[in-house]
Amino acid sequence: MDCCSFISLNDLQRMFQKFDKNQDGVVSLDELHWILERLGWSEHTPEELELFVGKQSLNLDEFLRFYDDAVSNRKETKSDSVVDNDDAIVGAFNVFDVNGDGYISSEELRAVLERLGFEEETKSWDCGRMIRAHDKNLDGVIDFEEFKNMMLDVQ
């Protein structure tokens, strides 16, 4: 599972609404950049995003298309470069390794999901079960190699 593969259409819509602070139906590129940084996809500045998107903000449909394109593009470029892929995986791992100890705990997973706007969902999601599903050495946390294997299996 990549870091966002469990995000449903409803989750994306709620995320969009959360970041549309003034409820004008659009999310600015600065807000989009903030979201992408939280997902470990910070290879573009807001200015570069504007060149890519062609405007200063996105409505919900444009946001959903952008997300679909970004996820598809990341999967297509998987084989382009092992080094780039490893850098992206390290970046994604660091998003979830909140305390920087080299491991992702269920508490860190919950904290990141809440930071992404999934406060309600984290009440029902069993983050411990998500961790156990990929914890191959059964130490109760996800280390980098387990995270990397998880990411490569899904992509």
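As a further point, take the overall build of the chain. Each helix and strand counted, the chain has 9 helices and 4 strands in total. Walking the chain from its N terminus toward its C terminus, one meets helices and strands in the order α-β-α-α-β-α-α-β-α-α-α-β-α. Taken over 155 residues, the chain has a buried fraction of 40%. When contacts within the chain are restricted to residue pairs at least 6 apart in sequence, those whose partners lie at least 24 apart make up 58%. A total accessible area of about 8,700 Å² is found for the chain, and carbon and sulfur atoms account for 49% of it.

Below, the discussion takes up helix 1 (residues 9–19). Along helix 1, the positions that sit buried rather than exposed are Asp 11, Leu 12, Met 15, Phe 16 and Phe 19. End-on view of helix 1: buried residues confined to an arc of 140°, all on one side of the axis.

Glancing now at the confidence of the model for the chain. The share of residues in the chain with pLDDT of 70 or more is 79%, and the mean pLDDT across the chain is 78. Per-element averaging of pLDDT across the chain places helix 7 (residues 119–124) at the bottom with 70 and strand 3 (residues 103–104) at the top with 96. The low-confidence segment residues 1–6, where pLDDT is below 50, has 16 contacts with residues more than four positions distant or belonging to other chains. Across residues 75–83, confidence stays below pLDDT 50; counting only partners more than four residues off in sequence or on other chains, it has 4 contacts.

Our focus in this paragraph is the nonpolar core. Membership of the largest hydrophobic core comes to 33 residues, with the highest contact counts inside it found for Met 15, Leu 32, Phe 63, Phe 96, Ile 104 and Phe 147. Sorting the residues of this core by element identifies helix 1, helix 2 (29–38), helix 4 (60–76), helix 5 (82–96), helix 6 (106–115), helix 8 (127–134) and helix 9 (144–154) as the ones contributing at least two each. The leading source of residues in this core is helix 5, at 5 residues. The contact partners of Leu 32, leaving out residues within four places of it in the chain, are Val 27, Leu 49, Leu 58, Phe 63 and Phe 66.

What follows deals with the packing of helix 6 against helix 8. Axis separation between helix 6 and helix 8 bottoms out at 8 Å; the angle between their running directions is 120°. Of the possible angle classes, the one that applies to helix 6 and helix 8 is oblique. For the crossing formed where helix 6 meets helix 8, the hand is right-handed. Packed against helix 6, whose contacting residues are Ser 106, Leu 109, Arg 110 and Leu 113, the element helix 8 presents Cys 127, Gly 128, Met 130 and Ile 131 at the interface. Of the residues in the contact of helix 6 with helix 8, the class split is 5 nonpolar, 2 polar and 1 charged.

Cut-offs used in this document
- All residue numbers refer to position in the chain's written sequence, counted from 1.
- The predicted origin of the model limits local features to residues at a pLDDT of at least 70 and limits the giving and counting of side-chain atom pairs to 80 or more, whereas totals for whole chains, interfaces and linings rest on all residues.
- Excluded from the side-chain calculations are hydrogens and water; all other atoms, namely the structure's heavy atoms, are used.
- Under the DSSP-based scheme used, a helix requires at least four consecutive residues in state H or I and a strand at least two consecutive residues in state E, with every element numbered from the N terminus.
- A simple rule labels every residue: compare its accessible area, found with a 1.4 Å probe on the protein chains alone, to the largest value its type can have, and call it buried under 20%, exposed over 50%, or partly exposed in between.
- Contacts are assigned to residue pairs that have any heavy atoms within 4.5 Å of one another.
- Residue-level accessible areas treat just the shown protein chains as cover; the underlying method is Shrake-Rupley with a 1.4 Å probe.
- Summarising the geometry, the arc corresponds to the directions from the helix axis toward the C-beta atoms.
- On a scale of 0 to 100, pLDDT captures the predictor's confidence in every residue.
- Each nonpolar core is a collection of buried residues, namely Ala, Val, Leu, Ile, Met, Phe, Trp, Tyr and Cys, held together in the definition by side-chain atoms within 4.5 Å.
- Every axis in this analysis is a line fitted to C-alpha atoms, fitted for helices over the stretch in contact. Angles between the N-to-C directions lie between 0 and 180 degrees.
- Put simply, angles under 35 degrees are roughly parallel, angles over 145 are roughly antiparallel, angles from 65 to 115 are roughly perpendicular, and the rest are oblique.
- Left-handed is the label given to a crossing in which the near helix is rotated counterclockwise from the far helix by less than a right angle, and right-handed is the label when the rotation is clockwise.
- When residues are grouped by polarity, Ala, Val, Leu, Ile, Met, Phe, Trp, Tyr, Cys and Pro land in nonpolar, Asp, Glu, Lys and Arg in charged, and all others, Gly among them, in polar.

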